[in-house]
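# Descriptive analysis of the structure
Given next are the chains, with one letter for each unit.
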Amino acid sequence: DSGVTQTPKHLITATGQRVTLRCSPRSGDLSVYWYQQSLDQGLQFLIQYYNGEERAKGNILERFSAQQFPDLHSELNLSSLELGDSALYFCASSRTPREAWEQYFGPGTRLTVT
Amino acid sequence: QKEVEQDPGPLSVPEGAIVSLNCTYSNSAFQYFMWYRQYSRKGPELLMYTYSSGNKEDGRFTAQVDKSSKYISLFIRDSQPSDSATYLCAGTMNRDDKIIFGKGTRLHILP
């Protein structure tokens, strides 16, 4: 158990809908990362937050957004969902951005868009 | 060309054998290299990391980086059925930079 929690574990929704994925980092970790994992693309970095502020962006679509709250939990919002958004979404955390190489991953949320 | 490439496998080896997992990368600015292990339906977990070229050993696992050839390897000695998982190699330029992952190699250790 990495100490990173994610809810829900599974999500099934229809195209065009909006969903929110939630992540709580390990105790003491200030930096949160979101990833998308699919069979064809592998694990792709989406976005990073540090102490409530956006710090780095990866291959995140404009339909997707995230935020980190004062208690350091983070939410990833996915809107206008398409079939191709079906994937595993992982949250990871590290103590600070300087320890980005040492990330601890949550169990993931499996999103299925029908 | 993807920045980090690895053979997807599956790679099947008998229990007790030495396993060799390999990756190549294209970004010569990478300085930190990691291996993550991912069990089915779980999140990736950091197995080992190395800085620059060289070897690093941790129990049955040895990570090796050759920056001159842009080649990353992970060796598993005395492989166990519990080592069956997908192994992701990764690289990053700096300690605080985003990590670029390979797509992973599926490994099956046969009892």
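Summarised in this report is the structure supplied together with it. These numbers come from a predicted model, not from an experiment.

Across its full length, chain A carries 0 helices and 11 strands. Moving toward the C terminus, one meets the helices and strands of chain A in the order β-β-β-β-β-β-β-β-β-β-β. A compact globule built from 114 residues should have a C-alpha radius of gyration of about 13 Å, and chain A, at 13 Å, falls within 12% of that. Overall, the C-alpha framework of chain A stretches about 40 × 25 × 25 Å when taken along its three principal axes. Across the 114 residues that make up chain A, the buried fraction comes to 52%. The contacts of chain A with a sequence gap of at least 6 include a subset with a gap of at least 24, amounting to 55%. Per element, the accessible surface of chain A, about 5400 Å² overall, is 47% carbon and sulfur. Between the mean site of the 10 positive side-chain charges and the mean site of the 12 negative ones, chain A shows a separation of 3 Å.

We now examine the sheet that holds strand β1 (residues 4–6) of chain B. Residue and element names in this part refer to chain B. Sheet architecture is open: 5 strands sit in the order β1-β3-β8-β7-β6, paired in antiparallel fashion. Looking along the sheet, the strands with just one partner apiece sit at the ends: β1 and β6 (54–58). Each strand of the sheet is rotated relative to its neighbour by a mean of 20°, with strand direction disregarded. Looking at chain direction, strand β7 (residues 61–66) and strand β8 (residues 71–76) are connected through 6 bridges and run antiparallel. Note on β8: the bridge partner recorded for D66 is Y71.

Attention now goes to the pattern of salt bridges. All names here are of chain A. In total, this model carries 7 salt bridges over all chains according to the counting rule given. The partner of D29 in a salt bridge is R95, with the nearest N and O atoms 2.9 Å apart. Of this pair, D29 sits in the loop between β3 (19–24) and β4 (31–38) while R95 sits in the loop between β9 (87–94) and β10 (104–105), and the two are 66 residues apart along the sequence. We classify D29 as buried; its relative accessible area is 0%. Classification of R95 by relative accessible area gives partly exposed; the value is 39%. Here E82 and R63 are joined by a salt bridge, their closest N and O atoms 3.7 Å apart. Linking E82 in the loop between β8 (74–78) and β9 with R63 in the loop between β6 (53–57) and β7 (64–68), this pair joins segments that are 19 residues apart in sequence. Residue E82 is classed as partly exposed on the basis of its relative accessible area of 44%. Here the salt bridges share partners, and the residues they tie into one network are R26, D29 and R95.

Note: β6 of chain B against β7 of chain B, 5 bridges, orientation antiparallel. When the bridges of β7 of chain B are listed, E57 of chain B appears paired with T62 of chain B.

Per the counting criterion, the structure on display carries 13 aromatic pairs over all chains. When the centroid spacing of 6.5 Å and the interplanar angle of 70° are considered together, the rings of F64 of chain A and Y89 of chain A count as edge-to-face. Here Y89 of chain A lies in strand β9 and F64 of chain A lies in strand β7, a separation of 25 residues in the sequence. Judged by its relative accessible area of 6%, F64 of chain A is buried. Residue classification places Y89 of chain A among the buried positions, given a relative accessible area of 0%. Look at Y32 of chain B and Y51 of chain B: their rings are 4.9 Å apart centre to centre, the planes differ by 50°, and that puts the pair in the tilted class. With a gap of 19 residues between them, Y32 of chain B in strand β4 (residues 32–38) and Y51 of chain B in strand β5 (residues 45–51) connect regions that are remote in the sequence.

Rules of the game
Residues numbered from 1 in each chain as written. Chains lettered and ligands numbered in written order. Predicted model: local features only at pLDDT ≥ 70, side-chain atom pairs only at ≥ 80, totals over all residues. Heavy atoms only, no water. Helix = DSSP H or I, 4+ residues; strand = E, 2+ residues; numbered from the N terminus. Rg over C-alpha atoms; globule rule 2.2 N^0.38 Å. Buried < 20%, exposed > 50% of the residue type's maximum accessible area, 1.4 Å probe, protein only. Contact = heavy atoms within 4.5 Å. Areas by Shrake-Rupley, 256 points an atom, 1.4 Å probe, with all protein chains shown as cover. Lys, Arg positive; Asp, Glu negative; His and termini not counted. Charge placed at Lys NZ, Arg CZ, Asp CG, Glu CD. Pairing = 2+ DSSP bridges. Axes fitted to C-alpha atoms, helices over the stretch in contact; angles between N-to-C directions. Salt bridge = Lys/Arg side-chain N within 4 Å of Asp/Glu carboxyl O. Phe/Tyr/Trp six-rings, centres within 6.5 Å; stacked < 30°, edge-to-face > 60°.

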